[in-house]
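The chain contents come next:
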Amino acid sequence: IRLQSDHTIARDSRTACEWQSFVDNQPKAQAMFQFVFHDLSIFGQNIDDLVDCTEVVPIPAPPQGRTHLPAGMTMNDIEQACAETPFPTLPVDPGPRTAVAPVVPRRRLPL
């Protein structure tokens, strides 16, 4: 899954290199997500009116293995956007190209 916001952040010259630095560095990605998510969650809110419920959020399992490309892809499929640092070389899963089912738009029901 790729969110449009992630796609845009990864290609903007102001953020591309920082975004790329998260590749194969889950602890850094988690630390930055936590910081950014906190700031976004209180944006426009009175912090004194909020209830801290972070203790119910589970700690994610540590990553298994290494960051990798899906079967059938190559490093040529990477849309390199950071001009300052080369993209890390990633291993490719063996086997035929990974298939992803198409997303069918939901129909709106009449009111």
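Residues numbered from 1 in each chain as written. Predicted model: local features only at pLDDT ≥ 70, side-chain atom pairs only at ≥ 80, totals over all residues. Heavy atoms only, no water.

### Observations concerning the overall build of the protein
Under the convention used in this document: Each helix corresponds to a stretch of at least 4 residues labelled H or I by DSSP, and each strand to a stretch of at least 2 residues labelled E; elements are numbered beginning at the N terminus. Put simply, the radius of gyration uses C-alpha atoms, and a globule should come to 2.2 Å times the residue count raised to 0.38.
Within the protein, the regular secondary structure consists of three helices and zero strands. Shown N-terminal to C-terminal, the secondary structure of the protein runs as helices and strands in the order α-α-α. In terms of overall dimensions, the protein is more spread out than a globule: its C-alpha atoms have a radius of gyration of 18 Å, far above the 13 Å expected for 111 residues. Over its C-alpha atoms, taken along the principal directions, the protein stretches across nearly 50 × 45 × 30 Å.

### Observations concerning the confidence of the model for the protein
Threshold: The quantity called pLDDT is the predictor's confidence in a given residue, expressed from 0 to 100.
Averaged over every residue, the pLDDT of the protein is 84; the share at 70 or more is 96%. For the protein, helix α3 (residues 26–42) is the element with the lowest average pLDDT, namely 81, and helix α2 (residues 16–20) is the one with the highest, namely 91.

### Topic: α3
Put simply, the rule reads: Helices are assigned an expected span. That span is 1.5 Å times one less than the residue count.
With 17 residues, α3 extends 24 Å from end C-alpha to end C-alpha; this agrees with the ideal 24 Å at 1.5 Å per step. Positive phi shows up at Gly44, right after α3, with a value of about 80 degrees.

### Comments concerning the packing of aromatic side chains
The geometry of an aromatic ring pair comes down to the distance between the two centres and the angle between the two planes. Definition in use: Ring pairs shown here join Phe, Tyr and Trp side chains whose ring centres sit within 6.5 Å, with only the six-membered ring taken for Trp; geometry is labelled stacked below 30 degrees between planes, edge-to-face above 60, and tilted in between. Here's how the labels work: a residue is buried when its accessible area is under 20% of the maximum for its type, exposed when over 50%, partly exposed in between, all with a 1.4 Å probe on protein chains only.
With the rule as written, the count across this model stands at one aromatic pair. Between the aromatic rings of Trp19 and Phe22, the centroid separation amounts to 5.8 Å while the plane-to-plane angle is 70 degrees, which identifies the pairing as edge-to-face. Classification of Trp19 by relative accessible area gives partly exposed; the value is 31%. The class of Phe22 is buried, set by a relative accessible area of 18%.

### Some points on the side chain of Gln20
Stated formally: Side-chain atoms alone can form a polar contact between residues adjacent in sequence; in general such a contact is a pair of N or O atoms within 3.5 Å, and within protein one must be able to donate a hydrogen while the other accepts it. Any two residues whose heavy atoms approach within 4.5 Å are treated as being in contact.
Assignment of secondary structure puts Gln20 in helix α2. For Gln20, a relative accessible area of 8% corresponds to the buried category. Within the structure, the side chain of Gln20 is placed 3.2 Å from the side chain of Gln80, a separation counted as a polar contact. Sequence-distant contacts of Gln20, defined by excluding residues within four places in its chain, comprise Gln80, Cys82, Thr85, Pro86, Phe87 and Pro88.

### Things to note about the state of the cysteines
Cut-off, in case you're wondering: By convention in this document, the label disulfide applies to cysteine sulfur atom pairs within 2.5 Å.
Considering all chains together, one arrives at one disulfide under this definition. Across a sulfur-sulfur distance of 1.9 Å, Cys17 and Cys82 are joined as a disulfide pair. Handedness of the Cys17-Cys82 disulfide follows from its S-S torsion of about 95 degrees: it is right-handed. Highlighted residues: Cys17 in helix α2 and Cys82 in the segment after α3, separated in sequence by 65 residues. Residue classification places Cys17 among the partly exposed residues on the basis of a relative accessible area of 24%.

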